[in-house]
Amino acid sequence: MKKRWKFLKYIIFSCTLSAAAVVSATGCGKFEDIAYEEAEVSSLDISVTKETAPAMEEVDQTVYVTGSNVNVRQEPGAFGAVITRLNTGDSLKRTGYNQSWSRVIYNGATAYISSDYLSTKKPEPKAVGETGEGTENLSEGVKVSLDSSWKYADFAKITSGAAVLYRSEAADKKGITVCVNPGHGTKGGSSVKTQCHPDGTPKVTGGTTQSGATSAVAVSSGTEFLDGTAEHKVTLAAAKILKKKLLAEGYDVLMIRESDDVQLDNIARTVIANNKADCHISLHWDSTTSDKGAFYMSVPNVASYRNMEPVKSHWQQHNALGESLVSGLRAAGVKIFSGGAMEMDLTQTSFSTIPSIDIELGDRASDHSEAALEKLASGLVTGVNQYFNK
């Protein structure tokens, strides 16, 4: 027997699957500007709970919508019924605010709308043919810098760079933002150290930084392919192809870097993704030379690590995203290493509050031609679709 369920923000699935195989529909971040289709899943022992809406600062201000087809809901969160959809320039009275949601007055009643799509500044009308958000010729995104007020931002040491947020112009907009993080690519990053865990405890596995250390390289320089090509150049090339495919598929994309150097360390990258994206995918190639295939860095099965926040609240999401990406890569014909996962205590995982994964797309001996990168990107998009049930 099969049942239909809505896959919404703030839903937690509790089932009889093993922890590593749990498919989390929690999502994270802001799924609020589209309506979701129902998806069929096998009947399982499922319980559904709603997360309490975060507190709001009381305000009294006029705000303006900055996107198209933005949902206005009866309650904050993707579980709230959609009252209407508004477009750029529509005005509302805002009475409550937090980083995720705003409480507004619509037609005399209280309603809620994503804070990401509101501004206190009235948008300037665009001339016919002018490039900008909402036009077919959108080519430039919006820079996103680290906000010092964001949770965990004060742990970052290299913060002067900026990510870029691109909005999809596809007909089927998903209303979901994917952070694409090309690994490495921060000049001087290997000479700076940042704290491994928010609570100061030591790493529980080895890696670039040894087990037991409490501080790690802020951004490592990465490896080098057997033909002499630097890893950071290949991760960037792959990220640009993935960005293009995701935008065409209807996803918005937060690009951590689009050049050989961005002055954002691993914590800064993670915190920006936490606040501006719905999932975080970091692209890497392993340092081995056996053409071992792709795999993701899973959350170590160590009780102390899995009980540390924010890992405790999100580790199942991380692993579920990794499983989906590996599944998509496998479907695209990409070679997969072993079972597709390797346990690793990463700075990114330790500070992530959204589904977040380091995906190793091969190693130093792997083919990194344009055709190979296209194949990998297609597999990753399939994996993203699987994770968000699109």
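The rules behind each value
- Residues numbered from 1 in each chain as written.
- Predicted model: local features only at pLDDT ≥ 70, side-chain atom pairs only at ≥ 80, totals over all residues.
- Heavy atoms only, no water.
- Helix = DSSP H or I, 4+ residues; strand = E, 2+ residues; numbered from the N terminus.
- Polar contact = N/O pair within 3.5 Å; in protein donor to acceptor, adjacent residues only side chain to side chain.
- Contact = heavy atoms within 4.5 Å.
- Expected span 1.5 Å × (residues − 1).
- Buried < 20%, exposed > 50% of the residue type's maximum accessible area, 1.4 Å probe, protein only.
- Core = buried A, V, L, I, M, F, W, Y, C linked by side-chain atoms within 4.5 Å.
- Salt bridge = Lys/Arg side-chain N within 4 Å of Asp/Glu carboxyl O.
- Phe/Tyr/Trp six-rings, centres within 6.5 Å; stacked < 30°, edge-to-face > 60°.
- Pairing = 2+ DSSP bridges.
- Axes fitted to C-alpha atoms, helices over the stretch in contact; angles between N-to-C directions.

> Give me the lowdown on the side chain of S115, citing residues and values where you can.
Assignment of secondary structure puts S115 in the loop between β8 (109-114) and β9 (118-119). A polar contact of 3.0 Å, which involves the side chain of S115, links it to the backbone oxygen of W101. Here the side chain of S115 touches S102 through a polar contact of 2.9 Å, side chain to side chain. Not counting the four nearest positions on each side in its chain, S115 is found in contact with Y97, N98, Q99, S100, W101 and S102.

> Tell me what's going on with helix α6 (residues 370-387), and back it up with residues and numbers.
One turn of the α-helix equals 3.6 residues, which is why residues spaced by three or four share an orientation. Across its 18 residues, α6 extends 26 Å between first and last C-alpha, which sits within 8% of the 26 Å expected from 1.5 Å per residue. Buried within α6 we find A372, L373, L376, A377, G379, L380, V381, G383, V384, N385 and Y387. One or two steps after α6, the chain reaches N389, where phi turns positive at roughly 55°.

> Before we move on, can you summarise the nonpolar core with the specific residues and values?
Most often, soluble globular proteins have nonpolar side chains that are buried together. Counting residues in each nonpolar core, the largest one holds 40 residues, and the members touching the most others are V180, L246, I281, L283, L329 and I359. Aside from chain neighbours lying at most four places away, what touches I281 is V178, C179, V180, N181, L321, L325, I357, I359 and V384.

> Could you give me a rundown of helix α4 (residues 311-331), with the residues and numbers involved?
An ideal rise of 1.5 Å per residue puts 30 Å on 21 residues; α4 measures up with 29 Å between its terminal C-alpha atoms. G333 occupies a position one or two residues after α4 and carries a positive phi of about 90°.

> I'd like a rundown of the pattern of salt bridges, residues and numbers included.
Applying the stated rule across the entire model yields nine salt bridges. In this structure, E374 and K245 form a salt bridge, with 3.0 Å as the shortest nitrogen-oxygen distance. Within this pair, whereas E374 is found in helix α6, its partner K245 is found in helix α1 (residues 231-249), the two being separated by 129 residues in sequence. On the basis of relative accessible area, E374 is assigned to the partly exposed category, the value being 30%. Note that K292 and D286 form a salt bridge whose closest N and O atoms lie 3.1 Å from each other.

> I'd like a rundown of the packing of aromatic side chains, residues and numbers included.
Evaluation of the coordinates by the stated rule reveals seven aromatic pairs. Their ring planes at 65° and their centres at 5.8 Å tell us that F225 and W285 sit as a pair that is edge-to-face. One end of the pair, F225, is in the loop between β14 (215-217) and α1; the other, W285, is in strand β16 (residues 279-286), with 60 residues separating them in the sequence. Ring plane angle 45° and centroid distance 6.4 Å describe the contact between Y251 and F388, whose orientation is recorded as tilted. With Y251 in the loop between α1 and β15 (252-255) and F388 in the segment after α6, the pair connects residues that are 137 residues apart, well separated along the chain. Each member of the pair, Y251 together with F388, is buried. One aromatic cluster in this structure is built from Y152, F155 and F351.

> Go over the sheet that holds strand β12 (residues 177-182), please, and point to the residues and values.
The mixed open sheet is built from eight strands, whose spatial order is β10-β11-β15-β12-β16-β19-β17-β18. A single partner strand is all that each edge strand has here, and the edge strands are β10 (142-145) and β18 (336-343). Within this sheet the neighbouring strands show an average axis-to-axis angle of 25°, counted without direction. Pairing geometry for β10 and strand β11 (residues 162-166), over four bridges, is antiparallel. Paired with K143 across the two strands is V164, which belongs to β11. Lying on the sheet, α4 is in contact with β16, β17 (294-298), β18 and β19 (356-363); it crosses β19 at an angle near 35°. Here α6 sits on the sheet and contacts β12, β16 and β19; the angle it forms with β16, its principal contact strand, is near 145°.

> How would you sum up unusual backbone geometry? Please name residues and give values.
A cis amide bond, omega 5°, links E309 with the succeeding residue P310. Residue position: P310 is located in the loop between α3 (303-306) and α4. Here N107, not a glycine, exhibits a phi torsion of approximately 55°, which is positive. Assignment of secondary structure puts N107 in the loop between β7 (101-106) and β8. Here H184, not a glycine, exhibits a phi torsion of approximately 70°, which is positive. Mapping H184 onto the fold places it in the loop between β12 and β13 (193-195). A residue is classified by how much of its surface remains accessible, and H184, at 8% relative accessible area, is buried.

> With reference to specific residues and values, describe the pairing of β12.
Most of β12 sits inside the fold, with six of its six residues counted as buried. Neither face of β12 is exposed, since T177, C179 and N181 on one face and V178, V180 and P182 on the opposite face are all buried. Sheet topology note: the β12/β15 ladder contains four bridges and is parallel. Bridging across to β15, T177 finds its partner in D252. Inspection of the sheet shows β12 paired to β16 by five bridges, in the parallel sense. By the bridge assignment, N181 is partnered in β16 with S282.

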